[in-house]
Amino acid sequence: VKGQENRAESLGSEKRAQNIFVELGGQGLLFTANYDTRFSNRRDGLGGRVGIGYIAADGDNATTVPLSLNYLLGKGRHFFEIGLGATLLATKASDHSFVFNDNNSDVIGTMSFSYRLQPVDSGFSLRAGLTPVFNKDFFIPYYAGLSLGYSF
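Definitions and cut-offs
Residues numbered from 1 in each chain as written. Predicted model: local features only at pLDDT ≥ 70, side-chain atom pairs only at ≥ 80, totals over all residues. Heavy atoms only, no water. Pairing = 2+ DSSP bridges. Helix = DSSP H or I, 4+ residues; strand = E, 2+ residues; numbered from the N terminus. Salt bridge = Lys/Arg side-chain N within 4 Å of Asp/Glu carboxyl O. Buried < 20%, exposed > 50% of the residue type's maximum accessible area, 1.4 Å probe, protein only. Contact = heavy atoms within 4.5 Å.

Draft legend 1. Representation of the pairing of strand E2 (residues 31–38). By the bridge criterion, seven bridges tie strand E1 (residues 18–25) to E2 in an arrangement that is antiparallel. Across the sheet, Val22 pairs through a bridge with Ala33, a residue of E2. What sits between E2 and strand E3 (residues 45–57) in their antiparallel hairpin is a turn of six residues.

Draft legend 2. Spatial organisation of the pattern of salt bridges. All chains considered together, the criterion is met by eight salt bridges. A salt bridge links Glu81 to Arg127, with the shortest nitrogen-to-oxygen separation between them at 3.0 Å. Here Glu81 is found in strand E5 (residues 78–92), whereas its partner Arg127 is found in strand E7 (residues 123–130), with 46 residues between them in sequence. Across the pair, Arg127 and Glu81 agree in class, each one buried. Through salt bridges with shared partners, one network takes in Glu23, Asp36, Arg38, Arg49, Glu81, Arg116 and Arg127.

Draft legend 3. Layout of the side chain of Ser68. Within the fold, Ser68 resides in strand E4 (residues 60–75). Apart from the residues lying within four places of it in its own chain, the contact partners of Ser68 are Gln27, Gly47, Gly48, Arg49, Leu84 and Gly85.

Written as structure tokens, this is what we have:
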């Protein structure tokens, strides 16, 4: 087993990067809990994320489910993230709602242009950047997001 580990190290294989994080704004639109992973045994390259968020106030509530593909460019701990995805937004309005017009669901397109601090082994991770959002009715180019989490 030890010989196999040394051979794997000499061939340059890495451990696949995985992250769990909470995000304010960003591709989740509100406040979400998320999981992100690379699709190969690399710290960079192609990967994806999935999350869920919920917020409620005065009888109104909103649920979001972000799904996206992303690509990490960089080395060591510092990466630039480029991503494209979609977020399901489902809202429920009370009879006297000031926030939402009615019960509604929509799919919002999302992008990500973010800096990612991701440790080489495991530990604290950070993401911050622009996350433009859009659908057939609007485009908000300067929407932003911040996330804090743990890489393993």
